[in-house]
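What follows is each chain in one-letter form.
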Amino acid sequence: MTANSSIRHRNSALLSVTRVEAEEVVPSSHFDERLKQTYKRLRMPKGLLERLAGIRERRYWGPESSFDDGATRAGRAAMEQAGVAPDQIGLMINASVTRDNFEPAVAVGIHHSLGLPRHALNFDITNACLGFVNGITVASSMIDAGAIDYALIVCGEDPSPWHETALRMLDDPEATREDVMTQFATLTLGSGAAAAVIGRADRHPEGHRIMGSVSRAGTEHKDLCVGGDAGEGMSTDATGLLKHGLQLVTDAWDQAHEDGWDWAEMDSYVTHQISTSHTNAIVDALGIDPQRIPVTFPYWGNVAAAALPMTLALEAERLRPGKRVLCMGVGSGLNTALMEIAW
């Protein structure tokens with residue numbers, strides 16, 4: 001029995017994908033300055049985020065914005081781009097990691113702000129950085145089943161409260177080098193939002209066919225990255241995430257090709273955006289042409305579940321009909337998903 005979950009879609013198409021960049025640019029040098037005394041005491045060099053992760057800057061929402069505002073703006077733009085009215089949406093999924101409260105679902109506020117109809121199902125799918133891809137799979141399956149005609153997937157992220165917790169922890173005179181590395185991944189995160197409209201391919205020949213997806217679980221690694229509420233922060237074993245995440249992706253990739261998928265020569269590989277080392281590791285392990293991987297983490301950081309769709313929205317500006325795209329992501333847990341789209 002295969003260890004992959006493999007789903008092929010019959011009548012699902014991506015009609016639009018949009019991004020919203022948070023307003024305030026926060027360079028990595030900002031964190032260097034905040035941690036100047038800690039680095040000096042521990043004899044660690046400045047510039048670790050840029051040198052080790054390749055992240056020069058990330059973004060914060062402005063004083064008049066928030067992650068759910070960003071998701072709402074992205075959702076409205078996605079419907080406009082697709083030419084789909086709010087009353088046509090039968091399903092709205094919020095895929096954000098970020099939330100201000102445990103209930104109600106973040107989706108309900110966005111549903112209300114967008115003026116979606118009462119018949120539109122709305123709920124959250126949270127699966128770390130894979131939530132958006134998972135949301136597309138659920139929406140596509142419902143379209144294939146004839147349950148809905150259109151779905152809207154949205155996501156907005158704001159890691160700034162985790163940043164403040166990490167900085168407070170590392171400013172402690174008792175903080176160690178190990179503490180710095182445990183909090184390193186937290187400081188790579190950035191803010192942003194994305195949205196996509198999924199519809200019936202038979203009604204939209206201009207749409208980009210969602211061919212299907214492969215996913216695979218490695219949940220024995222559930223403790224490698226754990227994020228609590230803002231006061232608790234997030235702890236990450238970055239080395240373990242890279243090692244075991246890469247193995248999970250390569251296992252899924254190899255099994256997928258045995259099962260009939262063919263992804264060796266895609267025109268674009270849109271990956272979850274983490275760091276230079278993660279991107280290089282994927283290139284080496286799978287033999288992918290690095291020129292076919294769009295890279296956004298140097299200036300957006302890791303925007304959690306919004307990172308992949310934001311990058312896809314940017315890549316969409318240059319893609320032409322007939323191109324083949326593979327979306328590839330790994331989420332804390334660990335889980336991986338690979339989704340093929342025929343542009």
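Reading the values: the criteria
Residues numbered from 1 in each chain as written. Predicted model: local features only at pLDDT ≥ 70, side-chain atom pairs only at ≥ 80, totals over all residues. Heavy atoms only, no water. Helix = DSSP H or I, 4+ residues; strand = E, 2+ residues; numbered from the N terminus. Rg over C-alpha atoms; globule rule 2.2 N^0.38 Å. Buried < 20%, exposed > 50% of the residue type's maximum accessible area, 1.4 Å probe, protein only. Contact = heavy atoms within 4.5 Å. Areas by Shrake-Rupley, 256 points an atom, 1.4 Å probe, with all protein chains shown as cover. Axes fitted to C-alpha atoms, helices over the stretch in contact; angles between N-to-C directions. Left-handed = near helix turned anticlockwise from the far one by under 90°. Nonpolar A, V, L, I, M, F, W, Y, C, P; charged D, E, K, R; others polar. Pairing = 2+ DSSP bridges. Salt bridge = Lys/Arg side-chain N within 4 Å of Asp/Glu carboxyl O. Phe/Tyr/Trp six-rings, centres within 6.5 Å; stacked < 30°, edge-to-face > 60°. Core = buried A, V, L, I, M, F, W, Y, C linked by side-chain atoms within 4.5 Å.

Visitor: Hey, could you run me through the overall build of the protein in this one?
Guide: When helices and strands are tallied, the protein shows 12 helices and 14 strands. Relative to a compact globule of 343 residues, whose C-alpha radius of gyration would be 20 Å, the protein shows 20 Å and is just as compact. Oriented by its inertia axes, the alpha-carbon framework of the protein measures out at about 65 × 45 × 35 Å. Of all 343 residues assigned to the protein, the portion counted as buried reaches 56%. Considering only residue pairs separated by 6 or more positions, the protein has 80% of its internal contacts joining residues 24 or more positions apart. Roughly 14,800 Å² of accessible area belongs to the protein as shown, and the carbon and sulfur atoms make up 50% of that amount.

Visitor: I tried to follow the packing of helix α9 (residues 238–258) against helix α10 (residues 276–286) on my own but got confused; where do I start?
Guide: A pair of packed helices can be characterised by two numbers: the angle between their axes and the separation between those axes. The N-to-C vectors of α9 and α10 enclose an angle of 35 degrees; their axes lie 11 Å apart at closest approach. Crossing handedness for the pair α9 and α10: right-handed. Packed against α9, whose contacting residues are L242, L246, V249, T250 and W253, the element α10 presents S277, H278, A281, I282, A285 and L286 at the interface. Of the residues belonging to the contact of α9 with α10, the class tally is eight nonpolar, three polar and no charged.

Visitor: Help me understand the environment of H119 in this model?
Guide: One can find H119 in the loop between α5 (106–114) and β6 (121–124). Taking relative accessible area as the criterion, H119 reaches 54% and is therefore assigned exposed. Counting along the chain gives 44 residues from H119 to G75, while the straight-line C-alpha distance between them is 18 Å. Setting aside chain neighbours within four positions, we find H119 in contact with D87, I89 and G90.

Visitor: Any chance you could explain the pairing of strand β9 (residues 208–217) here in plain terms?
Guide: Residues in a regular strand project their side chains so that they alternate between the two faces of the sheet. Strand direction decides the pairing type here: strand β1 (residues 5–8) and β9, joined by four bridges, are antiparallel. Directly across from I7, in β9, lies its bridge partner S213. Pairing between strand β2 (residues 12–21) and β9: two bridges, direction antiparallel. Residue A13 lies in a different strand from β9, and its bridge partner there is R209. As paired strands, β9 and strand β14 (residues 335–342) are joined by eight bridges and run antiparallel to one another. Considered in β14, the bridge of S215 is made with A337.

Visitor: I would appreciate a short explanation of helix α7 (residues 160–170) in the present structure.
Guide: Along an α-helix, a turn takes 3.6 residues, which lines up residues three or four apart on a common side. Within the sequence span of α7, burial applies to S160, W162, H163, T165, A166, L167 and L170. Those residues of α7 that are buried lie in contact with α1 (28–34), α2 (36–42), β4 (57–60), α8 (177–184), β10 (225–227) and β11 (234–236).

Visitor: How should I be thinking about the pattern of salt bridges in this particular structure?
Guide: Any two side chains of opposite charge can pair, given that their charged atoms come close. On inspection of all chains with the given rule, the structure shows 15 salt bridges. Of the charged contacts in the structure, one is a salt bridge between E164 and R34, with a shortest N-O distance of 3.1 Å. In this pair, E164 is assigned in helix α7 and R34 in helix α1, connecting sequence segments 130 residues apart.

Visitor: I'm lost on the packing of aromatic side chains in this one. Help?
Guide: Any pair of aromatic rings gets described here by the distance separating the centres and the angle formed by the planes. All told, the structure shown has three aromatic pairs when counted by the stated rule. Where W253 meets W263, the ring centres are 6.3 Å apart and the plane angle is 55 degrees; that geometry is what we call tilted. Here W253 is found in helix α9, whereas its partner W263 is found in the loop between α9 and β12 (268–271), with 10 residues between them in sequence. Judged by relative accessible area, which is 8%, W253 ranks as buried. When the ring of W261 is compared with that of W263, the centres are 5.2 Å apart and the planes differ by 35 degrees; the resulting orientation is tilted. Judged by its relative accessible area of 0%, W263 is buried. Members of the aromatic cluster, each reached through a chain of ring pairs, are W253, W261 and W263.

Visitor: Help me out: how do you make sense of the nonpolar core in this one?
Guide: A general tendency of soluble globular proteins is for nonpolar side chains to be buried together. Core analysis: the largest hydrophobic core is formed by 38 residues, its most contacted members being L14, F132, I198, L312, V325, C327 and I341. When residues of this core are traced back to their parent elements, those giving at least two are β2, β5 (91–94), α6 (131–144), β7 (150–157), β8 (192–200), α12 (307–315), β13 (324–331) and β14. Among the elements that take part in this core, α6 stands out by supplying six residues, more than any other. Excluding its chain neighbours within four sequence positions, the residues that come into contact with F132 are A95, I153, V154, C155, A194, A195, A196, A305 and P309. Formed by 27 residues, the second largest nonpolar core is a distinct cluster that contains L15, F67, I110 and V154.

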